[in-house]
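Survey of secondary and tertiary structure
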Amino acid sequence: MKSETVKNMDVLLRPEKFRAAVFDRTASEEGGFSNYSYWRSTIRTFFRSKFVVFIVALIGMLILMAFLYPALSKTDPGAISTNPMTWNKRPNADHWFGTDSIGRDIWARAWYGTRNSFLLAFFIACSDVGVGTVVGALWGYNKKMDPVMIEIYNVMTNIPSTVYLVLLAYIMNTSFLTLFIAMASRGWIVEARFFRNRILSIRDSEYNVASKCLGTPMRRIVSRNIIPHIVSLIIMETALVIPYSISSEVFLSFIGIGMPVDAVTLGNIVNQGRSSFALHPYQMLLPTAILCVITIAFYVIGNKFADASDPRNHV
Amino acid sequence: MRNVILSARDVEIKFRLREKVLTAVRGATLDLYEGETLAIVGESGCGKSVFTKSFIGMLDKNGWVSGGSLLYRGEELTRFKTEREWLRIRGKKIAMVFQDPMTSLNPVRTVGEQIAEVIVWHFGTEHEQAKREAVEILRRVGIGDAEYRYQQYPHEFSGGMRQRVVIATAIACRPEILICDEPTTALDVTVQAQILALIKQLQKELKMTVVYITHDLGVVANVADWVSVMYAGQIVEYGTSRDIFHDPRHPYTKALLQSLPQLGVKGCDLYSIKGTPPTLYKQITGDAFAPRNPDAMEIDFEAEPPMFQVSDTHCAKTWLLHPFAREHAEKLNFAEEARKKEAVAAQAPPFDYCKADKLLSVRNLTVKFRLSHREFKAVDNVSFDVYRGETLSLVGESGSGKTTIGRAVMKIYQKAEGEIEYAGKRIDGKLSKQERRELHLHLQMIFQDPMASLNERAKVDYIVSEGLYNYRLFANEEERMRRVEQIMAEVGLNRDFISRFPHEFSGGQRQRIGIARSLVMNPDFVIADEPISALDVSIRAQVINLLNKLKKERNLTYLFIAHDLSVVKFISDRIAVINKGRIVEMATCDELFLHPLHPYTKALLSAVPHPDPDRERAKELLVYDASIHNYKIDKPVWCEITDRHFVFGNRYELDMYREELGI
């Protein structure tokens, strides 16, 4: 090995090699190139941990199941049986997770409930984050809005959410829409403040000043300079609002002012399971398990995504 | 008698970065001697920081020493595994001072506690005793009223004082080796000189070995006994500082020295190193510098040169020292001589002010800021003119208000008092949207930090044509592409770079994108806000040349904002020196360097580092103290003392200045 390299050196070390070489300008510039991409690195960092892959797969399966089951299965989650023999059945081959006190199949109800609760939470998250981003952007850009908005923020966050929700639920009839309005009318302000702070820090960054000097109109600054920088935040916030909304719905149903009793939602199922918990504890098992998985998983996903979207972690 | 204290042999350091392995240090060999000063010089990204961090086991967690040996007093440091082993050495025997003083201090604890803690931690000294020692050390690093300042928090210190505190924590354990990683890069020139003097004095008192890591050769000439030049993870030349500055052998060392603006001739292109350092992901064959070296030989691309001994103290890793290369080397020397002569002959004539017309005129500009209910004047009653076709430089230290002036002219701040006139039209006060648009078509700005001033999520194509879109300066898509490609060629970037994102580029390339973005609009007047201060010395030359070239070709007028007088001398026709929001002196470039009048100007000039060890060591540092001015009764005025030489002073001072000039 050693002698080989020496021989190679001898071949190379000839006087004619010591002449001027041709200078290639492009080759000299190549060094600065790196093929880093923000989104690619974010996604790679996100999926690097096995736990995250597992959680995402789990959530994927849950959602798939929640939407496929109602479409494929013929079991009616609201079908009440008049035959007492079919009430409060323990898990068996027909009813994998048993039946409740009026003979409804818990397995079917759990999936219908997951779907409904999930849809509700998704709409709430979209409206919270959507309204929050827009208001936050305006707020961040308009110093004059500051006193008014901070007052609104203080008032809205200082009233305990339970009191507010209970009042609203009394005023309006309980329904999907009521619940949506009750939660969405409140959640946006927290998001607005969050986005306002973020936008405030991006607003005066040098590339925005540069864009202003180039005469870029406001709407293009927002669409090209600001929004691309907060997309990852929007995703993260949406992922974090979903579990919060689901647990709020459960809580409201729990204290009896959530959805109407005949609506199939996770909250109602858990609540009904609770009432017969002392005698038939199995009834609560599946819905609470799903609830736990959803809330924990979304929290993990939101937080891990926040970490992954931070360029400092892209190593 | 020279005793080796630390010896690094063929050290190789690797990093795992985004699933790829990068070799940051590729076999570096180095000896440190007791009580001597070594400077490691090189561009950013050549591995100098990483190399020295390995001496104290402070590599980032994705990096590791993959080969070679590090012998410290007979102990093999590469075998160290646990933190405990390292703690015996780190801080206690080998300490480090980092670039940014704010990040190395804990903001919520008093500086005294932080120093005392180091002493308690390493020596187990009693608390009271440690406190006394900490006060003593603070006094030692030149902090007056040390007992009182012991109880202050880092934010109550200025940048220079903070760096003194960092040095105090580093020397608290009387280390044998002090590593200073760019200790003065974040500081102003005058403060920089003071910190260097402090480190030198401490070294003598404590008999330390000091290692400087820097890209600034001026600093090196001042402090170093030994210099090693590092490139692409290898030490390419090593010698005493006289060897390196007076007789550089490696083409990279030569290029680094030649690209300093101090050595340039006004009106000619500054020597610049082409391109960027290589990525260390790839296997490098031959001399790593060859692709950027226009005078490279064929052998440079094929085989890695060995270390050739030039003299007892001087060695260099280049094929130019091989006997076969004698002919080529002679040719190079000859060409170099010819170039020098030519440069002197081609010196540009000074700017002709008699025929010039005013493009921008600023009168009594005052900009106030409110900081937590306290109002302060960032710019205080400043007046100046800029003539069409000239370069006026605003020079001052950080916080002097020079950037604020530029931004006020650019109308980024709406609330500025005073009159600003551009091309005969008043632009102060509130402008309508249309007027602003009109103004920005002629007036453009180049920003300081190429990292922060480009939108990371947009492609270069969009960034460069942003202004074109806003003003619809093109008839169709084809014309836009043509203009973008043309400006990319003008700033020396490849055409296919336009489909890339800014983070894919190095600092120098990014700054050129920033320049392209402003100049694609075809402005008449460009405000360049410290366009090179965030760049490496070697890259600075590229950007300076580019600015000069564009100025000539397009007949531009520059307002150049800088803190470095050496750069300014090379590029400007006139210089205005600004201190605490006021212009204290303004004159043509030659006049200011020949006859500086204001004491602040003199202090600034004395602090400029020179790449010549003999001159640096003999130099006397002037310190400016604002309390020498007595403006209580005799109010100062802005006075044209000789033709186009303005100075700020009261009657007594002006008389004194006149005497100095002999009129």
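Predicted model only: the values in this text are computed from it and were never measured.

**Here we look at the overall build of chain B**
A count of helical and extended segments in chain B gives 23 helices and 24 strands. Since a compact globule built from 663 residues should have a radius of gyration of about 26 Å, the 26 Å found for chain B is in line with a globular shape. Judged by the C-alpha coordinates and their principal axes, chain B covers about 75 × 65 × 50 Å. Of all intrachain contacts in chain B linking residues separated by at least 6 positions in sequence, the fraction that spans at least 24 positions is 66%. Counting only carbon and sulfur atoms, one obtains 50% of the accessible surface of chain B, whose full area is about 28,600 Å².

**What to know about the interface of chain B and chain A**
Across the contact, 61 residues belong to chain B and 47 residues belong to chain A. Together chain B and chain A conceal approximately 4,800 Å² of surface at their shared face, both sides included; 54% is due to carbon and sulfur atoms. At the junction of chain B with chain A, the criterion picks out 1 salt bridge. Two residues, A:E206 and B:R407, come together in a salt bridge whose shortest N-O distance is 3.5 Å. Along the contact surface separating chain B from chain A lie 10 residue pairs in polar contact (both at pLDDT 80 or more). At the level of elements, α11 (298-302), α14 (433-442), α15 (460-471) and α17 (507-519) of chain B are the ones that each hand at least two residues to the side of chain B that touches chain A. Top element by residues in the side of chain B that touches chain A is α15(B). It accounts for 6 residues.

**A closer look at the pattern of salt bridges**
Residue and element names in this part refer to chain B. One pass over the structure, following the stated rule, counts 38 salt bridges over all chains. Salt-bridge contacts for R292 lead to E43; the nearest nitrogen and oxygen are separated by 3.1 Å. Linking R292 in the loop between α10 (251-258) and α11 with E43 in the loop between β3 (37-41) and α1 (48-53), this pair joins segments that are 249 residues apart in sequence. Residue class for E43 comes out buried when judged on its relative accessible area of 2%.

**Remarks on a positive patch on the surface**
Taken together, the side chains of A:R40, A:R44, B:K20 and B:K282 present a region of like positive charge at the surface. Residue position: A:R40 is located in helix α3 (residues 38-48).

**Focus: the sheet that holds strand β1 (residues 4-17) of chain B**
Sheet architecture is open: 4 strands sit in the order β2-β1-β4-β5 (chain B), paired in antiparallel fashion. A strand with exactly one partner marks an edge of an open sheet, and here the two such strands are β2 (20-33) and β5 (75-76) of chain B.

**Overview of the nonpolar core**
Residues and elements named next belong to chain B. Membership of the largest hydrophobic core comes to 103 residues, with the highest contact counts inside it found for L6 and F51. Of the residues that make up this core, three or more belong to each of domain 1 (101-174) and domain 2 (261-345). Sequence-distant contacts of L6, that is, excluding residues within four places in its chain, are made with L30, D31, L32, F55, L70, L71, Y72, L77, I94 and I177. One finds Y462, L546, F560 and L565 within the second-largest nonpolar core, a separate group that totals 61 residues.

**Things to note about the sheet that holds strand β7 (residues 177-181) of chain B**
Residues and elements named next belong to chain B. Pairing is mixed across the open sheet formed by 8 strands, whose spatial order is β6-β7-β8-β3-β9-β10-β12-β11. Each edge of the open sheet is held by one strand with a lone partner, namely β6 (94-97) and β11 (308-309). Across 2 bridges, strand β10 (residues 234-240) lies against strand β12 (residues 315-316) in antiparallel orientation. Each bridged residue has a counterpart across the sheet, and for Y238 the counterpart in β12 is C315. Each of β6 and β7 is contacted by helix α6 (residues 159-171), which is oriented at about 170° to β6, the strand it contacts most. Those strands touched by α10 are β3, β9 (226-231) and β10, and its axis lies near 105° from that of β9.

**Describing helix α9 (residues 206-213) of chain A**
Along an α-helix, residues three or four positions apart point the same way, because every turn accommodates 3.6 residues. Residue and element names in this part refer to chain A. Taken across its 8 residues, α9 has 7 buried, putting it largely inside the fold. Of the residues making up α9, those classed as buried are E206, Y207, N208, V209, A210, S211 and C213. Among the residues trailing α9, G215 stands out with phi positive, at a value near 80°.

**Observations regarding α17(B)**
Its 13 residues give α17(B) an end-to-end C-alpha distance of 18 Å, which sits within 8% of 18 Å, the value for a rise of 1.5 Å per residue. Summarising burial for α17(B): 13 of the 13 residues are buried, a large majority.

**So, the packing of aromatic side chains**
Summed over the entire model, instances satisfying the criterion amount to 24 aromatic pairs over all chains. Ring centres of A:W107 and A:W111 lie 5.5 Å apart, and the angle between their planes is 90°; this geometry places the pair in the edge-to-face category. One end of the pair is A:W107 and the other is A:W111, both in helix α5 (residues 106-141) and 4 residues apart, which spans about a single turn. For the pair A:W107 and A:W111, a shared accessibility class is recorded, and that class is buried. Feature note: the residues A:F46, A:F47 and A:F305 constitute an aromatic cluster, connected by ring pairs. Over the aromatic face of B:Y462 sits the side chain of A:R224, whose NZ or CZ is 3.8 Å from the ring centroid.

**Brief notes about the confidence of the model for chain A**
Residue and element names in this part refer to chain A. Chain-level pLDDT for chain A is 82 on average; 92% of the residues reach the 70-or-more range. Mean pLDDT across the elements of chain A bottoms out in helix α1 (residues 2-12) (51) and peaks in helix α6 (residues 146-158) (90). pLDDT under 50 marks residues 1-7. Its contacts with residues more than four places away, or in other chains, come to 0 contacts.

**Focus: unusual backbone geometry**
Residues and elements named next belong to chain B. Backbone geometry at R174 places phi at a positive 50°, although glycine is not the residue there. Along the polypeptide, R174 turns up in the loop between α6 and β7. The class of R174 is partly exposed, set by a relative accessible area of 46%. Phi is positive for N555, close to 55°, though the residue is something other than glycine. Take N555: it is sitting in the loop between α18 (537-554) and β20 (557-562).

**Comments concerning the domain arrangement of chain B**
What the domain assignment reports for chain B is domain 1 (101-174), domain 2 (261-345) and domain 3 (358-565). Just the C-alpha atoms count here: the centres of domain 1 of chain B and domain 2 of chain B sit 45 Å apart.

**Brief notes about the packing of helix α4 (residues 50-72) of chain A against helix α12 (residues 282-308) of chain A**
Residue and element names in this part refer to chain A. Following both chains from N to C, one finds α4 and α12 inclined at 135°, their axes separated by 10 Å at the closest point. Taken as axis vectors, α4 and α12 run oblique relative to one another. Our pair here, α4 against α12, has a crossing hand that is left-handed. Of the residues in α12, those touching α4 at F51, V52, I55, V56, L58, I59 and L62 are I290, V293, I294, A297, F298, V300, I301 and K304. Looking at the contact of α4 with α12 residue by residue, the classes come out as 14 nonpolar, no polar and 1 charged.

**A few points about the packing of helix α3 (residues 111-123) of chain B against helix α4 (residues 127-140) of chain B**
Residues and elements named next belong to chain B. Following both chains from N to C, one finds α3 and α4 inclined at 120°, their axes separated by 8 Å at the closest point. The angle between α3 and α4 places the two elements in the oblique class. As for how α3 packs across α4, the hand of that crossing is right-handed. Facing G112, I115, A116, I119 and V120 of α3, the residues of α4 in contact are A130, K131, E133, A134, I137 and L138. The class makeup of the residues in the contact of α3 with α4 is 8 nonpolar, 1 polar and 2 charged.

**Here we look at the pairing of strand β8 (residues 209-214) of chain B**
All names here are of chain B. Counting buried positions over the 6 residues of β8 gives 6, a clear majority of the element. Of the two faces of β8, the one carrying T209, V211 and I213 and the one carrying V210, Y212 and T214 are both buried. With 5 bridges joining them, β3 and β8 adopt parallel strand pairing. Its bridge partner being in β8, V41 is matched across the sheet by T214. Relative to β8, β7 runs parallel, the two sharing 5 bridges. Directly across from C180, in β8, lies its bridge partner Y212.

**Observations regarding the environment of A:R198**
Within the secondary structure, A:R198 is located in helix α8 (residues 176-203). Sequence-wise, A:R198 and A:T114 are 84 residues apart; in three dimensions their C-alpha atoms are separated by 33 Å.

Thresholds, definitions, all that
Throughout, residues of each chain are indexed from 1 in the direction in which the sequence is written. Working convention: letters from A go to chains and numbers from 1 go to ligands, in the order in which they are written. Restriction of local features to residues with pLDDT of at least 70 applies here, the model being predicted, together with a cutoff of 80 or more for giving and counting side-chain atom pairs; totals for whole chains, interfaces and linings are based on all residues. Side-chain measures were taken over the full set of non-hydrogen atoms in the model, leaving aside hydrogen atoms and water. Under the scheme used here, helices are H or I runs from DSSP no shorter than 4 residues and strands are E runs no shorter than 2 residues, and both carry numbers assigned from the N terminus. Here the globule rule is a power law, 2.2 Å times the number of residues to the power 0.38, and the radius of gyration is based on C-alpha atoms. Any two residues having at least one pair of non-hydrogen atoms within 4.5 Å are treated as being in contact. In these tables, accessible area is a Shrake-Rupley quantity obtained with a 1.4 Å probe, and a residue counts as shielded only by the protein chains included in the view. When two parts are put together, the accessible area they lose, computed with a 1.4 Å probe and summed over both, is reported as buried area. Each salt bridge in this description consists of a side-chain nitrogen of Lys or Arg and a carboxyl oxygen of Asp or Glu lying within 4 Å of one another. We call two N or O atoms a polar contact when they sit within 3.5 Å, provided that within protein one can donate a hydrogen and the other can accept it, with sequence-adjacent residues counted only if both atoms are side-chain atoms. Classification of residues uses two cut-offs on accessible area relative to the type maximum, computed with a 1.4 Å probe and protein chains only: under 20% is buried, over 50% is exposed, and between them is partly exposed. Residues enter patches when they are more than 30% accessible in relative terms and free of salt bridges; like-charged ones are connected within 9 Å and nonpolar ones (Val, Leu, Ile, Met, Phe, Trp, Tyr) within 5 Å. Charge counting follows a simple rule: Lys and Arg are positive, Asp and Glu are negative, and His as well as the terminal groups are ignored. In plain terms, the charge of a residue is placed at NZ if it is Lys, CZ if Arg, CG if Asp and CD if Glu. DSSP bridges decide pairing: two strands pair if at least two such bridges lie between them. Each nonpolar core is a collection of buried residues, namely Ala, Val, Leu, Ile, Met, Phe, Trp, Tyr and Cys, held together in the definition by side-chain atoms within 4.5 Å. Domain limits in this description derive from either an automatic procedure or a database domain assignment. In this analysis, axes come from line fits to C-alpha atoms, helices being fitted only over the stretch in contact, and the angle between any two N-to-C directions falls in the range 0 to 180 degrees. To estimate how far a helix should extend, the number of its residues minus one is multiplied by 1.5 Å. Note on aromatic contacts: the rings of Phe and Tyr and the six-membered ring of Trp form a pair at centre separations within 6.5 Å, being stacked when their planes are under 30 degrees apart, edge-to-face when over 60 apart, and tilted otherwise. Throughout this description, the term charge over a ring refers to an Arg CZ or Lys NZ atom that lies within 6 Å of the ring centre and within 35 degrees of the ring normal. pLDDT expresses how confident the predictor is about each individual residue, on a scale running from 0 to 100. Small angles under 35 degrees read as roughly parallel and large ones over 145 as roughly antiparallel, with 65 to 115 read as roughly perpendicular and the rest as oblique. Helix crossings are classified by the rotation of the near helix relative to the far one: an anticlockwise turn of less than a right angle makes the crossing left-handed, while a clockwise turn makes it right-handed. Each residue receives one of three labels: charged for Asp, Glu, Lys and Arg, nonpolar for Ala, Val, Leu, Ile, Met, Phe, Trp, Tyr, Cys and Pro, and polar for the others, Gly being one of them.

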